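Summary of the model geometry
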Amino acid sequence: MAIGTGGRLGYINGMANSEKLLRVANVGLDYAGSAGNGPVAVLRGVSLELARGETLAITGPSGSGKSTLLNVIGTLDRPTRGSVFLEGRDLSQLGEAELAAVRNEQIGFVFQAHFLLPQCTVWENVLVPTLAGNNAKRAEAPARAERLLKRVGLGERMTHRPGQLSGGERQRAAVVRALINQPKLLLADEPTGALDRAAAGQLAQLLLELNREEGVSLIVVTHAPDLARKMGRVFELADGALAQCD
Ligand SMILES: Nc1ncnc2c1ncn2[C@@H]1O[C@H](COP(=O)(O)OP(=O)(O)OP(=O)(O)O)[C@@H](O)[C@H]1O
Ligand SMILES: [Mg+2]
């Protein structure tokens, strides 16, 4: 039987090009309630698509489930309902070891608190994620760490420990650590929440520059309107669902 090869290839290429980096499909998450109460639905059908290189902010009241959603996207939590697809792969079908590899190699995390190891230098901290994972990336890691640390203005701070850095410098080190394995997706939960206005503005600018330079997609949870406005799209999480803000 003759098959129209050209058409078939065109179809496959078309599929690959239109494949979103991330697709969150009708995700629900329940937390167990207190004694006597049923489960509490924190997320009630969240859907979202993110293309490669895109930037997106998630805002919403305290307790609305923003961190919960970021944890589900980042494979730290499994949804109760629905699925998260990364490059078309349904993460709910993966076992713990495969999820750990996705988390280590494809996704970078930045939190409000930097979570740097206090006894290690900046240099050692940013290389921690390269200890697990594939050898090719590990071989490139020292050169990449040096380049990125210089890029974020920490070239003179590589042998400092976190306690010897300012808050903004610590967050910049945390950003380099999140990017060291060349993730496709960077998830940031209130990354400027503990910074003063000047340092927060600087970090926001840096995240956007790295988004462009590294091609990494960005999802930022923030209460800061200044930071949210800088992202390509802004969503609000309320009553367990996302709505796009204009
Ligand atoms: N492990 C857990 N077990 C039970 N309930 C939880 C758990 N983690 C979070 N919650 C509840 O889920 C809801 C959403 O929490 P989440 O931390 O996602 O909110 P948030 O939007 O990030 O808030 P904030 O802006 O204050 O950081 C809250 O009511 C919280 O109490
Ligand atoms: Mg939170």
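Residues numbered from 1 in each chain as written. Chains lettered and ligands numbered in written order. Predicted model: local features only at pLDDT ≥ 70, side-chain atom pairs only at ≥ 80, totals over all residues. Heavy atoms only, no water.

As a further point, take the overall build of the protein. Summing up its helical and strand segments, the protein has 8 helices and 10 strands in all. Here the C-alpha atoms of the protein give a radius of gyration of 19 Å, agreeing with the 18 Å that 2.2 N^0.38 yields for 246 residues. Overall size of the protein, expressed as C-alpha extent along the three principal axes, is 65 × 55 × 35 Å. By residue count, 44% of the 246 residues in the protein fall in the buried class. Within the protein, contacts between residues separated by at least 24 positions form 71% of all contacts whose residues are at least 6 apart in sequence. Here the protein displays about 12,200 Å² of accessible surface, and carbon together with sulfur accounts for 51% of that area. If the 27 positive side-chain charges of the protein are averaged to one point and the 25 negative ones to another, these points end up 2 Å apart. (Helix = DSSP H or I, 4+ residues; strand = E, 2+ residues; numbered from the N terminus. Rg over C-alpha atoms; globule rule 2.2 N^0.38 Å. Buried < 20%, exposed > 50% of the residue type's maximum accessible area, 1.4 Å probe, protein only. Contact = heavy atoms within 4.5 Å. Areas by Shrake-Rupley, 256 points an atom, 1.4 Å probe, with all protein chains shown as cover. Lys, Arg positive; Asp, Glu negative; His and termini not counted. Charge placed at Lys NZ, Arg CZ, Asp CG, Glu CD.)

A few words now on the site of ligand 1. Surveying the vicinity of ligand 1 reveals the residues Tyr-31, Val-42, Pro-61, Ser-62, Gly-63, Ser-64, Gly-65, Lys-66, Ser-67, Thr-68 and His-223. Interatomic distance of 3.0 Å between a backbone N/O atom of Gly-65 and an oxygen atom of ligand 1. Looking at the shell around ligand 1, the element that brings in the most residues is helix H2 (residues 66–73), giving 3 residues. Classifying every residue of the shell around ligand 1 by side-chain character gives 3 nonpolar, 7 polar and 1 charged. (Near = heavy atom within 4 Å. Polar contact = N/O pair within 3.5 Å; in protein donor to acceptor, adjacent residues only side chain to side chain. Nonpolar A, V, L, I, M, F, W, Y, C, P; charged D, E, K, R; others polar.)

As a packed pair, helix H6 (residues 167–179) and helix H7 (residues 197–214) sit with axes 10 Å apart at the nearest point and diverge in direction by 20°. By the angle between their directions, the pair H6 and H7 is classed as roughly parallel. Read as a crossing pair, H6 and H7 show a hand that is right-handed. Of the residues in H7, those touching H6 at Gly-168, Gln-171, Arg-172, Val-175 and Leu-179 are Ala-199, Gln-202, Leu-203, Leu-206, Leu-207 and Leu-210. (Axes fitted to C-alpha atoms, helices over the stretch in contact; angles between N-to-C directions. Parallel < 35°, antiparallel > 145°, perpendicular 65-115°, else oblique. Left-handed = near helix turned anticlockwise from the far one by under 90°.)

Our next topic: the sheet that holds strand S3 (residues 55–59). Across the sheet, which stays open at both edges, the 6 strands sit in the order S6-S7-S8-S3-S9-S10 with mixed pairing between neighbours. Of all strands in the sheet, those bounded by a partner on one side alone are strand S6 (107–110) and strand S10 (241–245). Neighbour-to-neighbour, the strand axes of this sheet turn through a mean angle of 20°, independent of strand direction. Running at roughly 155° to strand S7 (residues 185–189), H2 makes contact with S3, S6, S7, strand S8 (217–221), strand S9 (233–238) and S10 of the sheet. Seen against the sheet, H6 touches S6 and S7 and runs at an angle of roughly 165° to S6. (Pairing = 2+ DSSP bridges.)

Another aspect to go through is empty space enclosed by the protein. Here the structure, examined in full by the defined rule, presents 2 cavities of 30 Å³ or more. Here the largest cavity defines a volume of roughly 80 Å³. Around the largest cavity, the lining residues are Val-72, Thr-75, Asp-77, Arg-78, Pro-79, Val-84, Leu-91, Ser-92 and Leu-99. Residue composition of the lining of the largest cavity, grouped by class: 5 nonpolar, 2 polar and 2 charged. Looking at the second largest cavity, the residues that line it are Leu-70, Asn-71, Phe-109, Val-110, Phe-111, Leu-187 and Asp-189. Within the residue set of the lining of the second largest cavity, elements represented by two or more residues are H2, S6 and S7. Tallied by class, the residues present in the lining of the second largest cavity amount to 5 nonpolar, 1 polar and 1 charged. (1 Å grid on protein atoms, 1.4 Å probe; cavity = no way out; pocket = protein on both sides within 12 Å on 5 of 7 lines; lining within 4 Å. Points joined across faces, edges and corners; volume = space filled by probe spheres on them.)

We now examine H6. An α-helical turn contains 3.6 residues, so any two residues separated by three or four positions project in the same direction. Taking 1.5 Å per residue, 13 residues should reach 18 Å; H6 reaches 19 Å between its end C-alpha atoms and fits that length. Most of H6 is tucked away, with 11 of its 13 residues classed as buried. Within H6 the residues assigned to the buried category are Gly-168, Glu-169, Gln-171, Arg-172, Ala-173, Ala-174, Val-175, Val-176, Arg-177, Ala-178 and Leu-179. For H6, the secondary structure elements touched by its buried residues are S6, helix H4 (122–127), helix H5 (135–151), S7 and H7. (Expected span 1.5 Å × (residues − 1).)

This paragraph deals with the side chain of Thr-192. Following the sequence through the fold, Thr-192 ends up in the loop between S7 and H7. Its relative accessible area of 8% is what places Thr-192 among the buried residues.

This next bit is on the packing of aromatic side chains. By the definition in use, this model includes 2 aromatic pairs. Ring geometry for Phe-109 against Phe-111: centres 5.9 Å apart, planes inclined by 0°, an arrangement best described as stacked. Here the aromatic rings of Phe-111 and Phe-115 are separated by 5.6 Å at their centres, their planes lie at 75°, and the arrangement is edge-to-face. Look at Phe-111 and you get partly exposed, because its relative accessible area is 26%. Owing to a relative accessible area of 54%, Phe-115 belongs among the exposed residues under this scheme. Seen from the ring of Phe-85, Arg-23 lies directly overhead, with NZ or CZ sitting 4.4 Å from the centre. (Phe/Tyr/Trp six-rings, centres within 6.5 Å; stacked < 30°, edge-to-face > 60°. Lys NZ or Arg CZ within 6 Å of the ring centre and 35° of its normal.)

Honestly, that's just the spatial picture; any functional story needs more than this.
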